Amino acid sequence: MAYPAPSAVAELLKPITWFPPMWAFACGAVASGQNWSERWALVALGVLLAGPMVCATSQAVNDWFDRHVDAINEPNRPIPSGRMPGRWGLYIAVLWTVLSLAVALTLGPWGFVAALVGLALAWAYSAPPLRLKRNGWWGNAACGICYEGLAWVTGAIVMAGGSLPDGRSLALAALYSLGAHGIMTLNDFKSVEGDRRMGIGSLPVRLGEEQAAHMACWMMAAPQFVVVVLLMSWQARGHALAVGALLAVQLLLMRRFVADPHGRATWYSGLGVTLYVSGMLVSAFALRAAAQAG
């Protein structure tokens, strides 16, 4: 029986994609206002669960059920290239699902439930019969919820010892989840050819690349504008100005992106998303400052 090389396994799990949910979990932990020194082990476990476990599982699941699409778009990926032999892609996806649930048990009932929801969304996104990614609206929404909102809320709950975060934290989690819908669209521009041929209705396929680019920008920018308004209403004016400044820079970059969406999607993803998640952390610190002042 042929076994995959460790390098192929690492490539299948795509470590570069782990950052967003790990960051969102940390933002939720910051927003809770709790003392990290008393719960650093839980934060470490939560970050491990969000990135190297649940997110890595989603990547393995996606690569297995996308192997025919990747044969067109990215033939050098581990499965279509043959570096991941047989059904090892599926075996690893199942194994990582089980390991993720085992780690989640250490975070208490809420951590386990959050992991269960995240893993269910990961399988629903890629696997039949749902295969949500066939519709760019639904698929991107599932990823946004899993990568940003669910991770943020889980971080806040774990830090608060199982208590639900307040309405302000939930509002920010929802807004940044909505914005992540646009981030996911950026990732779809590189795979338009294969998606179109294999019946994957990503937004660039459904709307055309130019309209999808404008939609992605609106989906990212509008929630951040609402965040600025909310922070101002919560008397966090300095934090609101910082998020507003980060949004202003994004708007300048967006103008260049929409002029050539296919050619600049990766470029904008690297720069614009960095500014986006920086605003998330600023917003989390605004709630932390309010909690500590209270």
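In the block above lies the structure referred to throughout.
Residues numbered from 1 in each chain as written. Predicted model: local features only at pLDDT ≥ 70, side-chain atom pairs only at ≥ 80, totals over all residues. Heavy atoms only, no water.

Concerning the nonpolar core
Part 1: Core analysis: the largest hydrophobic core is formed by 76 residues, its most contacted members being Leu-13, Leu-49, Ile-92, Trp-152, Met-220, Phe-257 and Met-280.
Part 2: Looking at which element gives the most residues to this core, the answer is helix α3 (residues 40–65), with eleven residues.
Part 3: Residues within four places of Ile-92 in sequence aside, it is in contact with Val-9, Leu-12, Leu-13, Ala-60 and Met-84. (Core = buried A, V, L, I, M, F, W, Y, C linked by side-chain atoms within 4.5 Å. Buried < 20%, exposed > 50% of the residue type's maximum accessible area, 1.4 Å probe, protein only. Helix = DSSP H or I, 4+ residues; strand = E, 2+ residues; numbered from the N terminus. Contact = heavy atoms within 4.5 Å.)

A short note on the environment of Trp-88
Part 1: Within the secondary structure, Trp-88 is located in helix α6 (residues 88–104).
Part 2: Distance in space between the C-alpha atoms of Trp-88 and Ala-60 is 9.9 Å, their sequence separation being 28 residues.
Part 3: A polar contact of 3.0 Å, which involves the side chain of Trp-88, links it to the backbone oxygen of Ala-2. (Polar contact = N/O pair within 3.5 Å; in protein donor to acceptor, adjacent residues only side chain to side chain.)

With respect to helix α7 (residues 108–126)
Part 1: Look at α7: 28 Å from first C-alpha to last across 19 residues, which is about the 27 Å you get at 1.5 Å a residue.
Part 2: Among all positions in α7, only Gly-111, Ala-114, Ala-115, Gly-118, Leu-119, Ala-122, Ala-124, Tyr-125 and Ser-126 are buried.
Part 3: The inward-facing, buried residues of α7 abut α3, α6 and α8 (136–159). (Expected span 1.5 Å × (residues − 1).)

Quick notes on unusual backbone geometry
Part 1: In this structure, the amide linkage connecting Pro-128 to the following residue, Pro-129, adopts the cis form with an omega of 5°.
Part 2: With respect to the element layout, Pro-129 can be found in the loop between α7 and α8.
Part 3: One non-glycine residue with positive phi stands out, namely Lys-14, at about 45°.
Part 4: With respect to the helices and strands, Lys-14 occurs in the loop between α1 (6–13) and α2 (19–31).
Part 5: Backbone geometry at Gln-235 places phi at a positive 65°, although glycine is not the residue there.

A closer look at the pattern of salt bridges
Part 1: By the definition in use, this model includes eight salt bridges.
Part 2: Between Asp-66 and Lys-133 there is a salt bridge; the shortest N-O distance is 2.3 Å. Here the residue Asp-66 occupies a position in the loop between α3 and α4 (67–73), and Lys-133 occupies one in the loop between α7 and α8, the gap between them amounting to 67 residues.
Part 3: Its salt-bridge partner being Asp-166, residue Arg-168 comes within 3.3 Å of it at the nearest N-O pair.
Part 4: One salt-bridge network, in which partners are shared between bridges, spans Glu-11, Lys-14, Asp-63, Arg-77 and Arg-83. (Salt bridge = Lys/Arg side-chain N within 4 Å of Asp/Glu carboxyl O.)

Here's the deal with α3
Part 1: The end-to-end C-alpha distance of α3 is 36 Å, a good match for the 38 Å that 26 residues give at a rise of 1.5 Å each.
Part 2: At Leu-49, α3 is bent by approximately 35°, the largest bend along its length, and proline Pro-52 sits one to four residues beyond.
Part 3: Judged by how many residues are buried, α3 sits mostly within the fold: 19 of 26 residues are covered. (Bend = angle between axes of the 7 residues up to and from the residue.)

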